[in-house]
Each structure stands twice: as C-alpha cells, then as structure tokens.
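# An overview of the molecular structure
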Amino acid sequence: MADYILALDQGTTSSRAILFNRQGQIIRIAQQEFTQIYPEAGWVEHDAEEIWTTQLNCAREAIAAAGISASDIAAIGITNQRETTVVWDRATGKPIHNAIVWQCRRTASICDTLKKEKFDRVIRKSTGLVTDAYFSGTKVAWLLDKVKGARKRAEAGELAFGTIDTWLIYRLTGGKSHVTDVSNASRTLLYNIRKERWDKTILERLQIPESILPTVKSSSEVYAETSPELFGAPIPIGGIAGDQQAALFGQACFKPGMMKNTYGTGCFLLMNTGEQATTSKTGLLTTIAWRTGGQTEYALEGSVFIAGAAIQWLRDGLQIIASAPETEALATAVSDNHGVYFVPAFVGLGAPYWDQDARGAITGLTRGVTRSHIARAALEAMAYQTRDVVECMQKDSGIKARELRVDGGATRNDFLCQFQADLLGIPVVRPVITETTALGAAYLAGLSVSFWKNEKEIASQWQVEKRFEPQMKRGERDRLYNGWLDAVSRVRSRK
C-alpha cells in the first residue's frame, strides 16, 4: 500500500519537492533555486524550461533520498506561484517566450487603458480582482501582441496558455493534459468566479482566444497520471491549488473567519469566507479558495508584493547582512526602530493601495541610524503591511479576527512573529509544520485517492508549535502604525 504523498511546491525563487506520510509529517525535502531574469526595470521573467527541469530534479531527488519507489506514492499534489504566465507551442511543447512572473509590471499601461475605459468594473464584478499587472490576463495579451506570429498561431489553435501548475502537468503527462484548477483560474483575470467559467466578454476585450485556455477542474481529483518514464511508474496527479490557497488549506482554515498569512517573497493573507463570495469595498481581492467534493469555497485576500524579498535585497543588494536569519539578532540589538520605516514598494504597492507606480523608500534616516535599525524596519514592514490587510478584511467580512495562523520562511523569526502579534493585538500562531503550502497540496491530493478521509481528519493533524500573545499597549501600537501610514503616503504616486 502506498504510504506517501509527494507535493511539488513550485515557488517564485525555487522549486521544491516534499514527501509527506499519513500523519502529515515531512519525510524528505529537496529544493533547487533557479534563475531570476530582469530584462528591464520592473520586468521579471523565468525560464519555464528551467522551472520544469528543477522541479523534476527535486521530485526525483526526494524519492531517491527517501529510498522509495513510485509505487510507494499514492498521489502527487501541485502548488505553484500563481499568476506567472507561460504560453507554449502545442506541437513542440516549447514556450514561445520566457514565463512572465507575477511580480512583472510590463503590462501596467494595458491596465491603465482598461481603467480609463472603465472596463476594470467589468473585470472586478466577474473575477473579484482589481485590474493590475499582477494578474495573468494582461500578460497573455502582451505575449500575443509582442511575440512575432503569436496571435495568428493562437487563433489557429497552435498555442496553449497556462499558469505554472498547468505547465508542470503538461510536462508531467507528456503533453496529454492541459488543465488547471479553480483556485489558479480565479487568478488569471479571465475567470468568472461566481459562474465558474472563462469570461467571454473579458477574453474578447483582451483579444485572447478561448482555445488557448486550459480546462478548469476542482482542486482535488485525479486529473491524470505522470508519464511512466519520469519516475519508473505512473503516479496519479490528484491535487492542484495556487500557493496561497494551498497554505490556507494546509493551515486547516476550513471555517469562515479563519485566516492565515504566508510570509514568503511577498506576504499573502487569506480569510475563508465559506460558500459566500464576499465583495471587498476596501481594495482586497475576492478569490476562490478551493473546490472539493463539488463545493466551492471562497476567500478574501490581501496580496502584498514585497515581504521576504526586501530581506533578500538587504543581503544581495545593499549587502548589509550575510543571511536572512541574521536580521533577528540585528532587530533585537536595538530597542526600537529609531523612527525608521522601510516601505518596500519595489514593484509598486499591492493591497489595499494598488498603486503600481509607487516606489520603495526608507524614511526617518538620521546619523544615529545603523544597519540594525534598517534590518528591523524591513521586518516591521511585513507586520505593518499585514495590519493594512487585516483591518480591511475585518471591515469587508464583518468578522473580528481572533488569531492569525502564520507560515513561510520568515516565521522562523521570533521577533517578527511577536511584533506582528503586538501590532494586531491578537495572537499569532505558528504551527509545527510551517511548510503549509506544500502540505495543503498534499492534503488535496490525498483526499482525491482516499489517503485521508476528510477535512476533519486533516484538521486533527494541525498542531501549534508556538503561540505569540500581544504584549504592546494599544497607544504604542497605534503610534507605530500611524508612522507607517505616514511613510506610505510619502511613496504613493501622485496621479
């Protein structure tokens, strides 16, 4: 009997493969970074072939390291960096261009045009999304316009589009399956989240032929099997979810009002709103969380573009730290932020501001400021941006937040977790398994093949590693946050 689930966690900076057992415990992890490509200021690309190669290598490495074979794996679950866009030739399987990454701002002018036409209202009503270069739709339109002959080939049915989940499944199945799930489809700017179908009006306006789009499936079902030659035997592919929805599932946030925040390259906070697609009046996104057992559940989401990426910049750009963990010691070496605020708007500001022309700044600099203060300000920025989103989420949903479940690499930093609890005034809860994105994909795949029985069994496996209780007085909390709001106002575009 197969005793493991293999999760493929394809992220923005690395590909990973994680093997889980029936208790939801990690057996093996393999990880490989890949190239970040910056052709112009504000543009970000990935080599889709390199993504495939690194992901396949990680899967094989994890299986080999565990000393098991394909027959020991009950199913594969896939989770992925979401809005990143690949278009490829159906005949050759070769991408027509580098993948355009979710962070890329090259289509900001297309979005501006849509807003001037007030077409953004049509998009918002259908998709639950704001009209921003973050999402896939305008990236697809750009590729069809800018790659020679692409539009004509697309109209002839020769090209296929997919987010990274679709691209990986296409390659895993030897080109036999062109599918996605509702959670990823809901991030394309092209999918009606209430009617659960591709939106013909939006496709027509962006001049995107429906023939290039994948078939949309639920988040937990057996879609296909891997080609036998990849792992020595076929393995069912049974779960798909965009990374943030997968983390919500992995955190067992199955009831309306439960929420989680993932601190990765960006910061992504989701609140489960159940079967209700709640319309945001504060600049948040309405998105599909998942569809399982024929039931679709929704979430409110606040997407912060730059979180951990700011720490990477301190390391690689400014070179004032040698590694990310160093920031905790630096932050605690000083008693406060010394009036320094770091607004990491490197690619604009996401929720709730949606200002694609804002740019980053460090404010409050004096001669007394040290690298400790700057490192602390970078960590604090994650917490401030999270409070921005939590306040909006509570207004939109009418639900008072009781706790925040957290995951992602930065949550290993106790200073960040404590400061987050202090700033929100609610407990921050870190689980034993912080690899909740991969765990969520594993759970979805496991449910499809009855590896786990139901959500109740999954919820019973979730365990607290540490609970951070708020300690800061309300006056101090609000004083610090008002300083943040002032810093943000200084970097906003003046359009």
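The next subject is the packing of helix 1 (residues 48-66) against helix 6 (residues 164-172). Helix-helix packing is characterised by the crossing angle of the two axes and by the distance between the axes. Between helix 1 and helix 6, whose axes approach to 11 Å, the crossing angle comes to 65°. Viewed along their axes, helix 1 and helix 6 form a crossing whose handedness is right-handed. On the side of helix 1, the interface is formed by Ala48, Glu49, Ile51, Trp52 and Gln55, while helix 6 contributes Ile164, Trp167, Leu168, Arg171 and Leu172. Of the residues contributing to the contact of helix 1 with helix 6, the split by class is seven nonpolar, one polar and two charged.

What follows deals with the sheet that holds strand 5 (residues 73-80). If you trace the six strands from one edge of the open sheet to the other, you get 3-2-1-5-14-13, paired in mixed fashion. One side of each edge strand has no neighbouring strand; the edge strands of this open sheet are strand 3 (26-33) and strand 13 (220-225). Between one strand axis and the next, the sheet turns by 25° as a mean value, whatever way the strands run. In terms of strand pairing, strand 1 (residues 4-10) meets strand 2 (residues 14-20) through six bridges, oriented antiparallel. Across the sheet, the residue bridging to glutamine 10 is serine 15, located in strand 2. Set on the sheet, helix 6 makes contact with strand 1, strand 5, strand 13 and strand 14 (236-242); between it and strand 5 the angle comes to about 145°.

It is worth spelling out helix 10 (residues 243-250) at this point. With eight of its eight residues buried, helix 10 lies for the most part within the structure. Every buried residue belonging to helix 10 is among Asp243, Gln244, Gln245, Ala246, Ala247, Leu248, Phe249 and Gly250, and all of these are buried. One or two positions beyond helix 10, positive phi appears at alanine 252, with a value near 60°.

For the rest of this paragraph, the subject is unusual backbone geometry. A cis amide bond links alanine 351 with the next residue in sequence, proline 352, at an omega value of -5°. Within the fold, proline 352 resides in the loop between strand 19 (341-343) and strand 20 (361-363). You will see that alanine 252, though not glycine, has its phi angle at about 60°, which is positive. Residue placement: alanine 252 occurs in the loop between helix 10 and strand 15 (259-263). On the basis of relative accessibility, which here comes to 7%, the residue alanine 252 falls in the buried class.

The next thing to look at is the packing of aromatic side chains. Per the stated rule, a full pass over the model turns up 23 aromatic pairs. Relative to tyrosine 134, the ring of tryptophan 102 lies with its centre 6.0 Å away and its plane at 65°, an arrangement referred to as edge-to-face. Separated by 32 residues along the polypeptide, tryptophan 102 in the loop between strand 7 (99-100) and helix 2 (108-116) and tyrosine 134 in the loop between helix 3 (119-127) and helix 4 (136-146) bring together distant segments of the chain. Each member of the pair tryptophan 102 and tyrosine 134 is classed as buried. With centroids separated by 5.8 Å and ring planes inclined at 75°, the aromatic side chains of tryptophan 102 and phenylalanine 268 adopt a geometry described as edge-to-face. Here tryptophan 102 is found in the loop between strand 7 and helix 2, whereas its partner phenylalanine 268 is found in strand 16 (residues 267-274), with 166 residues between them in sequence.

With respect to the element layout, threonine 278 can be found in the loop between strand 16 and strand 17 (285-292). In contact with threonine 278, not counting residues within four places along its chain, are Thr273, Thr286, Leu300 and Asp396.

This part is about the sheet that holds strand 22 (residues 428-431). Read across the sheet, seven strands follow the order 17-18-16-15-21-22-23 without closing on themselves; strand pairing throughout is mixed. Looking at which strands have only one partner, the edges of the open sheet turn out to be strand 17 and strand 23 (464-468). Taken pair by pair, the neighbouring strands of this sheet meet at an average axis angle of 30°, ignoring direction. As paired elements, strand 15 and strand 21 (residues 404-407) share three bridges and run parallel to each other. Bridging from a neighbouring strand, lysine 260 pairs with arginine 405 of strand 21.

Residues Val86 and Trp88 point to one face of strand 6 (residues 86-89) and Val87 and Asp89 to the other, with burial holding for every one of them. With four bridges connecting them, strand 6 and strand 8 (residues 159-162) associate as antiparallel partners. When the sheet's bridge partners are listed, valine 86 is paired in strand 8 with glycine 162.

Moving on, we get to the side chain of arginine 105. One can find arginine 105 in the loop between strand 7 and helix 2. One polar contact links the side chain of arginine 105 to the main-chain carbonyl oxygen of valine 347, over a distance of 3.3 Å. What arginine 105 contacts, discounting residues up to four positions off in sequence, is Gly42, Asp132, Ala133, Tyr134, Phe305, Val347 and Gln356.

Let us look at the packing of helix 10 against helix 15 (residues 436-448). The interhelical angle for the contact between helix 10 and helix 15, taken along N-to-C directions, is 75°, at an axis separation of 7 Å. With respect to helix 15, the element helix 10 is oriented roughly perpendicular. In this structure, helix 10 contributes Asp243, Ala246, Ala247, Phe249 and Gly250 to the contact, and helix 15 contributes Thr436, Thr437, Leu439, Gly440, Ala441, Tyr443, Leu444 and Leu447. A breakdown of the residues in the contact of helix 10 with helix 15 according to their chemical character gives eight nonpolar, four polar and one charged.

This brings us to the pattern of salt bridges. Side chains that carry opposite charge are capable of pairing whenever their charged atoms lie near each other. Summed over the entire model, instances satisfying the criterion amount to 33 salt bridges. A salt bridge links glutamate 45 to arginine 106; the shortest N-O distance between them is 2.9 Å. Within this pair, whereas glutamate 45 is found in strand 4 (residues 45-46), its partner arginine 106 is found in the loop between strand 7 and helix 2, the two being separated by 61 residues in sequence. Under the relative-accessibility criterion, arginine 106 is labelled buried at 8%.

Turning our eyes to something else, we now look at the environment of histidine 97. Among the structural elements, histidine 97 can be located in the loop between strand 6 and strand 7. Residues histidine 97 and phenylalanine 34 lie 63 residues apart in sequence; the distance between their C-alpha atoms is 17 Å.

What follows is about the pairing of strand 1. For strand 1, the tally of buried residues reaches six of seven residues, placing the bulk of the element in the interior. Hairpin geometry of strand 1 and strand 2 is characterised by an intervening segment of three residues between the two adjacent antiparallel strands.

Scoring rules and cut-offs
- Residues numbered from 1 in each chain as written.
- Predicted model: local features only at pLDDT ≥ 70, side-chain atom pairs only at ≥ 80, totals over all residues.
- Heavy atoms only, no water.
- Axes fitted to C-alpha atoms, helices over the stretch in contact; angles between N-to-C directions.
- Helix = DSSP H or I, 4+ residues; strand = E, 2+ residues; numbered from the N terminus.
- Left-handed = near helix turned anticlockwise from the far one by under 90°.
- Contact = heavy atoms within 4.5 Å.
- Nonpolar A, V, L, I, M, F, W, Y, C, P; charged D, E, K, R; others polar.
- Pairing = 2+ DSSP bridges.
- Buried < 20%, exposed > 50% of the residue type's maximum accessible area, 1.4 Å probe, protein only.
- Phe/Tyr/Trp six-rings, centres within 6.5 Å; stacked < 30°, edge-to-face > 60°.
- Polar contact = N/O pair within 3.5 Å; in protein donor to acceptor, adjacent residues only side chain to side chain.
- Parallel < 35°, antiparallel > 145°, perpendicular 65-115°, else oblique.
- Salt bridge = Lys/Arg side-chain N within 4 Å of Asp/Glu carboxyl O.

Distances and angles like these do not, on their own, reveal function.
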